[in-house]
Amino acid sequence: AASPCALAIGTPAAVLAGIAQGARNGVLIKGGVHLENLGSLNVVAFDKTGTLTEGRFKMTDIIAVNGASADELLSVAAAVEQQSNHPLAVAVVQAAQEQQLKLPAADGLENISGRGVKSMVKGQPVLIGSMQLFRETDGHVLPDALVQTIARLEADGKTTMAVSQNDSFLGVLGLADVARPDVHATLGELQALGIQKLVMLTGDNETVARRIGAEAGVTDVRAGLLPEAKLDAIKALQQEYGPIAMVGDGVNDAPALATATVGIAMGGAGTAVALETADVALMADDLNQLPFAVGLSRASRAIIRQNLVISLGVIAMLILTSVFGIVQLSGTVILHEGSTIVVVLNALRLLAYRK
């Protein structure tokens, strides 16, 4: 009567069924604890590029300075950026290919986290990145005209990249990205599921971040963040609100993904580091799967609680009826095994879960 078969199998059966249903719908969940944690979230934080946005930048402006030509500016930038797989780098290289530019040879690529990149072209150092990169690099003084040009582009909601070669500025590149077309509805579904706060964490400038945040429908925008600042933001949100998920796709997101209660990687566009670090991967690179994953987790938690009530209730009933001789041994065995079958069938209902 007291044998805990149903109690022992009720939780793992629900977890396995939940993970299986997630996998069938393109959500890879790397363990039962992550499945359960998804249902306890109060806050979801998002990286911007490639997560809330399509991550496919388009070159919009090529502004050369100091006597450089637009082709020279773009070819030098593309020569360096072809060594990278960052969405901004891909857009620069694509623009050069569309104009059929011949690219000079570039040697080595050094990523300056949250700032830009550094390389050598024709034996001369080339820097590409934000204004902060040049403020922190000796030998560079940002001309007022260049600063004004960058401010104008950013006011239009564009992402900017300044380019210098041998300590002389060649110009500025302007690129644009847009929010995913269905992201506003997806975030609305998360709020309907009870998520209290939707936060965008990005290293991009404030103007671009707020434009994308408004299009996406997040409740909080935090811009100009280096990877370590994203990590600090996750820790602060975790202390204030409790369980938090971080959704991202890049190398810079890995520390935040690892620290969050649940790290979620965009599987299609995500880097190997992000996919390895994350607890959950959206394999189709579709943010629409996130409300499904949260809902599946909550359904799994509910079924686990039901199975615990069923198994403990049957055990308590059988112990009492056996002690007082109300049910004989054969009847006890039938009821006990029957409760085991009931909790397994109850868990298998998760295989029919839909958003």
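The structure this text deals with has already been given above.
Residues numbered from 1 in each chain as written. Predicted model: local features only at pLDDT ≥ 70, side-chain atom pairs only at ≥ 80, totals over all residues. Heavy atoms only, no water.

## A few points about the overall build of the protein
Part 1 of the reasoning: In terms of regular secondary structure, the protein is built from 14 helices and 13 strands.
Part 2 of the reasoning: Relative to a compact globule of 355 residues, whose C-alpha radius of gyration would be 20 Å, the protein shows 27 Å and is clearly more extended.
Part 3 of the reasoning: Projected onto its principal axes, the C-alpha coordinates of the protein cover approximately 100 × 35 × 35 Å.
Part 4 of the reasoning: Put simply, the protein has 355 residues, and 50% of those count as buried.
Part 5 of the reasoning: Here the contacts in the protein between residues at least 6 apart in sequence split such that 64% fall between residues at least 24 apart.
Part 6 of the reasoning: For the protein, the accessible area works out to roughly 15,500 Å², and carbon and sulfur atoms hold 57% of it.
Part 7 of the reasoning: Where the 25 positive side-chain charges of the protein centre and where its 33 negative ones centre are 6 Å apart. (Helix = DSSP H or I, 4+ residues; strand = E, 2+ residues; numbered from the N terminus. Rg over C-alpha atoms; globule rule 2.2 N^0.38 Å. Buried < 20%, exposed > 50% of the residue type's maximum accessible area, 1.4 Å probe, protein only. Contact = heavy atoms within 4.5 Å. Areas by Shrake-Rupley, 256 points an atom, 1.4 Å probe, with all protein chains shown as cover. Lys, Arg positive; Asp, Glu negative; His and termini not counted. Charge placed at Lys NZ, Arg CZ, Asp CG, Glu CD.)

## Points about unusual backbone geometry
Part 1 of the reasoning: In this model, Gln100 sits at a positive phi of 55°, which is unusual for a non-glycine residue.
Part 2 of the reasoning: In this structure, Gln100 sits in the loop between helix 5 (87–98) and strand 4 (106–112).
Part 3 of the reasoning: Given a relative accessible area of 73%, Gln100 falls into the exposed group.
Part 4 of the reasoning: Even without a glycine there, the phi angle at Asp167 is positive, about 70°.
Part 5 of the reasoning: Here Asp167 is to be found in the loop between strand 7 (159–165) and strand 8 (168–176).
Part 6 of the reasoning: Residue Asp167 is classed as partly exposed on the basis of its relative accessible area of 44%.

## Focus on the environment of Ala258
Part 1 of the reasoning: Along the chain, Ala258 falls in helix 11 (residues 254–259).
Part 2 of the reasoning: Separated by 217 residues in the primary sequence, Ala258 and Leu41 have C-alpha atoms spaced 16 Å apart.

## Points about the pattern of salt bridges
Proximity of charged atoms lets side chains of opposite charge pair with each other.
Part 1 of the reasoning: Taken as a whole and judged by the stated rule, the model has 11 salt bridges.
Part 2 of the reasoning: When salt bridges with common partners are traced through the structure, they connect Asp47, Lys230 and Asp253 into a single cluster. (Salt bridge = Lys/Arg side-chain N within 4 Å of Asp/Glu carboxyl O.)

## Comments concerning a nonpolar patch on the surface
Part 1 of the reasoning: Residues Ile319, Leu320, Val323, Phe324 and Ile326 make up a contiguous nonpolar surface patch of roughly 550 Å² in combined accessible area.
Part 2 of the reasoning: Residue Ile326 is classed as exposed on the basis of its relative accessible area, which comes to 62%. (Patch = residues over 30% accessible without salt bridge, like charges linked within 9 Å, V, L, I, M, F, W, Y side chains within 5 Å.)

## Here's the deal with the packing of aromatic side chains
Part 1 of the reasoning: Per the counting criterion, the structure on display carries two aromatic pairs.
Part 2 of the reasoning: Between the aromatic rings of Phe134 and Phe169, the centroid separation amounts to 4.9 Å while the plane-to-plane angle is 55°, which identifies the pairing as tilted. Of this pair, Phe134 sits in helix 6 (residues 131–135) while Phe169 is found in strand 8, placing the two residues 35 residues apart along the sequence. In this structure, Phe134 and Phe169 share a single accessibility class: buried.
Part 3 of the reasoning: Taken together, a centroid distance of 5.6 Å and an interplanar angle of 45° make the contact between Phe292 and Tyr353 tilted. Here the residue Phe292 occupies a position in helix 13 (residues 289–323), and Tyr353 occupies one in the segment after helix 14 (329–348), the gap between them amounting to 61 residues. No difference in accessibility class separates Phe292 from Tyr353, as the two residues are buried. (Phe/Tyr/Trp six-rings, centres within 6.5 Å; stacked < 30°, edge-to-face > 60°.)

## A closer look at the packing of helix 8 (residues 183–192) against helix 9 (residues 206–216)
Part 1 of the reasoning: Packing of helix 8 against helix 9 leaves a shortest axis separation of 7 Å and a crossing angle of 65°. Classified by the interaxial angle, the pair formed by helix 8 and helix 9 is roughly perpendicular. Each of Val183, His184 and Leu187 in helix 8 lies in contact with helix 9, whose residues at this interface are Ala214, Glu215 and Ala216.
Part 2 of the reasoning: Considered class by class, the residues forming the contact of helix 8 with helix 9 number four nonpolar, one polar and one charged. (Axes fitted to C-alpha atoms, helices over the stretch in contact; angles between N-to-C directions. Parallel < 35°, antiparallel > 145°, perpendicular 65-115°, else oblique. Nonpolar A, V, L, I, M, F, W, Y, C, P; charged D, E, K, R; others polar.)

## Remarks on the pairing of strand 5 (residues 116–121)
Part 1 of the reasoning: Here six bridges tie strand 4 to strand 5, and the two strands are oriented antiparallel to one another. Residue pairing for strand 5: Asn111 is matched across the bridge by Val117.
Part 2 of the reasoning: Remark: three residues form the turn of the hairpin made by strand 4 and strand 5, two consecutive strands paired antiparallel; Gly114 in that turn has positive phi of roughly 75°.
Part 3 of the reasoning: Where strand 5 lies against strand 6 (residues 124–129), six bridges are found, and the strand directions are antiparallel. Bridge pairing links Gly116 to Gly129 in strand 6.
Part 4 of the reasoning: Where strand 5 folds back on strand 6, the antiparallel hairpin that results is connected by two residues, among which Lys122 adopts a positive phi of roughly 55°. (Pairing = 2+ DSSP bridges.)

## Side note on the side chain of His336
Part 1 of the reasoning: Relative to the elements of secondary structure, His336 occurs in helix 14.
Part 2 of the reasoning: Polar side-chain contacts of His336 include one of 3.2 Å to the side chain of Glu337.
Part 3 of the reasoning: Setting aside residues no more than four positions away along its own chain, His336 makes contact with Ser3, Cys5 and Leu318. (Polar contact = N/O pair within 3.5 Å; in protein donor to acceptor, adjacent residues only side chain to side chain.)

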